[in-house]
Amino acid sequence: MAILKIARMGHPVLLGRAAEVADPAASEMRRLVGDMAETLADAGGIGLAAPQVHVPLRLFLWRDGPALRVLFNPVIAPLGPETEAAWEGCLSIPGLRGRVDRPARVAWSGLDENGEAVSGEAEGLPARVLQHENDHLDGVLYLSRMKDLSMLGFTEELARLVEDRT
Ligand code: NI
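Residues numbered from 1 in each chain as written. Predicted model: local features only at pLDDT ≥ 70, side-chain atom pairs only at ≥ 80, totals over all residues. Heavy atoms only, no water.

A. Highlighting the overall build of the protein chain. Looking only at helices and strands, the protein chain features 3 helices and 8 strands. Starting at the N terminus and ending at the C terminus, the protein chain contains elements arranged as α-β-β-β-β-β-β-β-α-β-α. Rg of the C-alpha trace for the protein chain: 15 Å, near the compact-globule value of 15 Å for 166 residues, within the 12% margin. In terms of principal-axis extent, the alpha carbons of the protein chain reach across some 45 × 35 × 30 Å. A burial count over the protein chain gives 43% of its 166 residues as buried. Intrachain contacts of the protein chain at a sequence separation of at least 6 include 67% that bridge at least 24 residues. In the protein chain, the 17 positive side-chain charges and the 24 negative ones have mean positions that sit 4 Å from each other. (Helix = DSSP H or I, 4+ residues; strand = E, 2+ residues; numbered from the N terminus. Rg over C-alpha atoms; globule rule 2.2 N^0.38 Å. Buried < 20%, exposed > 50% of the residue type's maximum accessible area, 1.4 Å probe, protein only. Contact = heavy atoms within 4.5 Å. Lys, Arg positive; Asp, Glu negative; His and termini not counted. Charge placed at Lys NZ, Arg CZ, Asp CG, Glu CD.)

Below, the structure is given as structure tokens:
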């Protein structure tokens, strides 16, 4: 396994629409997922999408409680009209956090590392991580989801104010 280089905001790989994965169980996908898990552990994040490591394919890792899961070709849909605002960071935008409104609950589906269909519902932090990572597959960064850019700041400065950082 290897620690991969993380693309930062401004790199074109973060702005495109990623392609569907034909076979999640292929050996090169296993290797990629292993490398992404190692990269995420090294960077200390809670989610990582393949475009962030310069691979424009539709998969991401996300932390679901204690488990680190992988989802290929994901579909994420809001459940109900309720939204929630919380602080987000992104490994591709180091040092910054912003407050982002998102649907509070989502249904998710996709394929696991064996190519089997998986689905579920999420709320709170996992729902936010799923939406944030899924956005990466469509070339969307959290900054473009923000309605109020006064709620963007450096993590070190915000630490003084923020009680519910995510
Ligand atoms: Ni991100």
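Once the structure has been displayed, the description carries forward.
B. Local environment of the coordination of the nickel ion. Donor atoms from the polypeptide that coordinate the nickel ion comprise Cys90 (SG), His132 (NE2) and His136 (NE2), at 2.1 to 2.2 Å from the metal. All donors to the nickel ion come from one chain, and their sequence spacing reads C-x41-H-x3-H. With a gap of 42 residues between them, Cys90 in the loop between β4 (83-88) and β5 (96-103) and His132 in helix α2 (residues 124-137) connect regions that are remote in the sequence. Since its relative accessible area comes to 9%, Cys90 is described here as buried. Assessed through its relative accessible area of 7%, His132 is described here as buried. (Donors = N, O, S within 2.8 Å, 3.2 Å for Na, K, Ca; no water.)

C. Local environment of the sheet that holds β4. Pairing within the open sheet is antiparallel, and its 3 strands lie in the order β4-β5-β8. In this open sheet, the two strands that pair with only one neighbour each are β4 and β8 (152-154). Adjacent strand axes in the sheet meet at a mean angle of 25° when their direction is disregarded. (Pairing = 2+ DSSP bridges. Axes fitted to C-alpha atoms, helices over the stretch in contact; angles between N-to-C directions.)

D. Molecular detail of the packing of aromatic side chains. Enumeration over the complete set of coordinates arrives at 1 aromatic pair. Between Trp62 and Trp108, the aromatic rings sit 5.3 Å apart at their centres with planes inclined by 70°, giving edge-to-face as the arrangement. Separated by 46 residues along the polypeptide, Trp62 in strand β2 (residues 59-64) and Trp108 in strand β6 (residues 105-111) bring together distant segments of the chain. (Phe/Tyr/Trp six-rings, centres within 6.5 Å; stacked < 30°, edge-to-face > 60°.)

E. Fine view of the environment of Arg69. Within the element layout of this structure, Arg69 appears in strand β3 (residues 67-78). Note on Arg69: relative accessible area 30%, which makes it partly exposed. Between the C-alpha atom of Arg69 and that of Asp112, which follows or precedes it by 43 residues, the distance is 8.2 Å. Beyond its immediate sequence surroundings of up to four residues, Arg69 is in contact with Phe60, Leu61, Trp62, Asp64 and Trp108.

F. Main features of unusual backbone geometry. For His54, which is not glycine, the phi torsion reads 70° and is therefore positive. Relative to the assigned elements, His54 resides in the loop between β1 (47-49) and β2. If you check the backbone angles, Asn73 has positive phi at about 45° while not being a glycine. Following the sequence through the fold, Asn73 ends up in strand β3. The class for Asn73 is buried, based on a relative accessible area of 15%.

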